[in-house]
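Coordinate inspection notes
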Amino acid sequence: MDSRSFLVLSAVLFAIGVSTVLLRRGAIVILMGVELMLNAANLAFITFARQYQTPEAQIYVFFVMTLAAAEAAVGLAIVIALFRLRGTTDVDEISVMKW
Amino acid sequence: MQIAAFYVLAVLAVSSAIVVLTHRNEVICALALAFNLAAIAGFYFLLGAQFIGFMQIIVYAGAIMVLIVFVIMLLNLGEESYPERGGSIQRWLAPGLSLAFAAVLAVVLWRSGEGDLSAPNVEFGTVGALGRELFTRYFYPFEVISLLLVAAMIGAVLLAKRKL
C-alpha cells in the first residue's frame, strides 16, 4: 500500500469540506462540512501514524474525535437556538451580530 | 486485494462527500455524510488502526450522525430555498480556490508520504497500546478532554433550553 494515495485522498476530502462550508447556506450542512474537514485531517493523522509506526498520532485522532463530538453538540444547540429566534437556519438571514 | 478495497472505499468516500456538497435536501446530506464516515472507518481498518476505526463508527457514524439527523427532524427543515441570491463572487471563487487549495495540499502531503508502507507492528492500533499511552504520557490531556466534554454538554443543554 502507498501512503501517498491516502494522503491525496485526505486532501481531496478536506477541499470538499472547505467548499461545503463556503458554498452552502444551511447552518447544519455547514456543520457537516466541518465534520468532513475534521475527518480528512484524521485520515492524514492515521496515515502518518502507520507510516512512522507510532501511537501518538492515534491519540491525537482520539482527542480530535472527542472535540468533534463536543463541537457538534454545541453547534447544533446554537442552530436550535437560532432557529427559535429567527425561524430559519439560513446563515445569510442570520445577521444579528452584523453591525 | 487491499488496493481494490482502497479504490472502492475512495470512490465511496469522495462521491458521498460530493453529495454532501451539492444535494439540496439536508436529510440526504446527512445520509451521505454517514456513508462518508463509514468509508473513512474502512480506511482506518485498512491502515491497521482497529481501535480508531471502531471509535469512528461508534462516535461519528453513531452518536454525531444521530445528533445531526435528530436536529434536522426537530427543526423540520425543507429543502434549501431557490434561487441562490447574491454572494455570486463567493459562489464562483470558492470552488476554484478550494481546488487550488486541494492541489497545494496534495503536493505537500505527497512529498511527505512514502511509497510502500511497511507491515504494522503487532501492537499498532490495538486498544492495549493506545490505552497505555493514554493513561501514562497523555494522562492530563485525557482528563482535560473529559472536562471539555462536560463543559460542552452543559453548554448544549443551556443553549438549547433557554429562550434566546
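These figures come from a predicted structure and were not determined experimentally.

This part takes up the overall build of chain B. Looking only at helices and strands, chain B has six helices and zero strands in total. Whereas a compact globule of 164 residues would reach a radius of gyration of roughly 15 Å, chain B reaches 20 Å, over 25% beyond that. Dimensions of chain B, computed from C-alpha atoms along their principal axes, come out at roughly 55 × 40 × 25 Å. A total of 164 residues make up chain B; the buried ones form 26% of that total.

The subject of this paragraph is the interface of chain A and chain B. In this assembly, 60 residues from chain A lie in contact with 72 residues from chain B. Put simply, the parts of the chain that give the side of chain A that touches chain B at least two residues each are helix 1 (3–23), helix 2 (27–52) and helix 3 (56–86) of chain A. Top contributing element to the side of chain A that touches chain B by residue count: helix 3 of chain A, with 22 residues. Tallied by class, the residues present in the side of chain A that touches chain B amount to 42 nonpolar, twelve polar and six charged.

What follows deals with the packing of helix 1 of chain A against helix 4 (residues 88–112) of chain B. When two helices pack together, their arrangement is given by the angle between the helix axes and by the axis-to-axis distance. Viewed as axis vectors pointing N to C, helix 1 of chain A and helix 4 of chain B meet at an angle of 160°, and their least axial separation amounts to 8 Å. Comparing their axes, helix 4 of chain B and helix 1 of chain A come out roughly antiparallel. For the element pair helix 1 of chain A and helix 4 of chain B, the recorded crossing hand is right-handed. Counted together, Arg4, Leu7, Val8, Ala11, Val12, Phe14, Ala15, Val18, Ser19, Leu22 and Leu23 of chain A of helix 1 of chain A and Gln90, Arg91, Ala94, Pro95, Ser98, Leu99, Phe101, Ala102, Leu105, Ala106, Leu109 and Trp110 of chain B of helix 4 of chain B form the full contact between these two elements. Considered class by class, the residues forming the contact of helix 1 of chain A with helix 4 of chain B number 18 nonpolar, three polar and two charged.

Our next topic: the confidence of the model for chain A. Averaged over every residue, the pLDDT of chain A is 89; the share at 70 or more is 99%. No element of chain A has a lower mean pLDDT than helix 3 of chain A, which averages 90, and none a higher one than helix 2 of chain A, which averages 92.

Turning next to the domain arrangement of chain B. Residue and element names in this part refer to chain B. Assigned domains within chain B: domain 1 (1–79) and domain 2 (123–164). For domain 1 and domain 2, the distance between their C-alpha centres works out to 22 Å. The partner domain 2 presents five residues to the five residues of domain 1 that form the contact. Among the residues forming the side of domain 1 that touches domain 2, the class breakdown is three nonpolar, two polar and no charged.

All names here are of chain B. Here Pro95 lies in helix 4. Taking the C-beta count within 10 Å as the criterion, Pro95 has 15 such neighbours and is therefore assigned partly exposed. C-alpha of Pro95 to C-alpha of Ala106: the two residues are eleven residues apart in sequence and 16 Å apart in space.

Moving on to the environment of Ile154 of chain B. Note that Ile154 of chain B resides in helix 6 (residues 139–161). Taking the C-alpha atoms as reference points, Ile154 of chain B and Ser15 of chain B, separated by 139 residues in sequence, lie 36 Å from one another.

Basis of the calculations
Residues numbered from 1 in each chain as written. Chains lettered and ligands numbered in written order. Predicted model: local features only at pLDDT ≥ 70, side-chain atom pairs only at ≥ 80, totals over all residues. Helix = DSSP H or I, 4+ residues; strand = E, 2+ residues; numbered from the N terminus. Rg over C-alpha atoms; globule rule 2.2 N^0.38 Å. Buried ≥ 20, exposed ≤ 12 C-beta atoms within 10 Å, placed from the backbone. Contact = placed C-beta atoms within 7 Å. Nonpolar A, V, L, I, M, F, W, Y, C, P; charged D, E, K, R; others polar. Axes fitted to C-alpha atoms, helices over the stretch in contact; angles between N-to-C directions. Parallel < 35°, antiparallel > 145°, perpendicular 65-115°, else oblique. Left-handed = near helix turned anticlockwise from the far one by under 90°. pLDDT = per-residue confidence, 0-100. Domains from an automatic or database assignment.

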